[in-house]
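Close look at the chain arrangement
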Amino acid sequence: MSATTTSQQYLAMAVDLASRNVLNAGGPFGAIVVWPDGQVFEGVNRVTANNDPTAHAEVVAIRTAAASLGTFDLTGAVLYSSCEPCPMCLASALWARISRVVFAADRDDAARAGFDDALFYNYFEGTDKSLMPVVRDGHQETDYLQPFRLWDGLETRIDY
């Protein structure tokens, strides 16, 4: 975070992005990734506009930051979001090695606006797995470990 911009100002930027996105056929969510040197990378929710269920503001901001910086490791960056990130966005932030997440509205505020992620939180907390069964196929007819063996032996691999 730059010495002149505060956390509240970054949150205000994310909220402003979300508000402008609503008027541009997008969802009411905005996010920014702030790199340690002060660079800001924006993202807005384009789920319905792009027919992309993964186009959440936080994911878009992370993708923009990673592509612009030329790295998948965003250690040191802070993600500011207009709303509490859903489980997918939190997982994306973890994979990107975001150092901190700061949000304005919370999941209850989102639920009151019609965005109720409670089913997903319950799913990941293990309280309700009926939403989408995930099973391991017990058939051993295929060499399912081959991709891992190839990866393990690849001299040019980039660990992440």
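The model shown is predicted, which means the values in this text are computed figures rather than measured ones.

**Considerations on the overall build of the chain**
A tally of helices and strands in the chain yields 7 helices and 4 strands. Secondary structure elements in the chain, listed N-terminal to C-terminal, are α-β-β-α-α-β-α-β-α-α-α. Each principal axis of the C-alpha atoms in the chain carries an extent, and together these give about 55 × 40 × 25 Å. In the chain, of all internal contacts separated by at least 6 residues, the share reaching a separation of at least 24 is 47%. Carbon and sulfur atoms make up 57% of the accessible area of the chain, which amounts to about 10200 Å² in all.

**Examining the UniProt feature "domain: CMP/dCMP-type deaminase" (unreviewed entry) in the chain**
With numbering aligned to this structure, UniProt lists the feature "domain: CMP/dCMP-type deaminase" (unreviewed entry) at residues 5-118. Structurally, residues 5-118 is divided into 43% helix and 19% strand, and its ends, taken at the C-alpha atoms, are 33 Å apart.

**Brief notes about the packing of aromatic side chains**
Applying the stated rule across the entire model yields 5 aromatic pairs. Centre to centre, the rings of Y123 and F124 are 5.4 Å apart; their planes meet at 85 degrees, and the pair counts as edge-to-face. Its relative accessible area of 59% is what places F124 among the exposed residues. Here the aromatic residues F72, W95 and Y160 are joined through ring pairs into a cluster of three or more. Here R107 stacks its cationic end above the ring of Y121, 3.6 Å away from the centre of that ring. When the ring centre of Y123 is taken as origin, the NZ or CZ atom of K129, which lies over that ring, is 4.3 Å away.

**A short note on the nonpolar core**
Judged by nonpolar contacts, the single largest core of 17 residues is most densely connected at V33, I62, L74, A77, L79 and I98. Where this core is concerned, the elements lending two or more residues are β1 (30-34), α3 (57-69) and β3 (78-83). For this core, the element with the highest residue contribution is α3, accounting for 4 residues. The contact partners of I98, leaving out residues within four places of it in the chain, are V33, I62, L74, A77, V78, L79 and A93.

**Points about the environment of N21**
Note that N21 resides in helix α1 (residues 7-22). The sequence separation of N21 and A104 amounts to 83 residues, and the corresponding C-alpha distance is 16 Å. Once residues within four sequence positions are removed from consideration, N21 is found in contact with G26, G27, F29, V44, N45 and R46.

The rules we used
Residues numbered from 1 in each chain as written. Predicted model: local features only at pLDDT ≥ 70, side-chain atom pairs only at ≥ 80, totals over all residues. Heavy atoms only, no water. Helix = DSSP H or I, 4+ residues; strand = E, 2+ residues; numbered from the N terminus. Contact = heavy atoms within 4.5 Å. Areas by Shrake-Rupley, 256 points an atom, 1.4 Å probe, with all protein chains shown as cover. UniProt positions renumbered as here; feature names shortened; annotations may be inferred. Phe/Tyr/Trp six-rings, centres within 6.5 Å; stacked < 30°, edge-to-face > 60°. Buried < 20%, exposed > 50% of the residue type's maximum accessible area, 1.4 Å probe, protein only. Lys NZ or Arg CZ within 6 Å of the ring centre and 35° of its normal. Core = buried A, V, L, I, M, F, W, Y, C linked by side-chain atoms within 4.5 Å.

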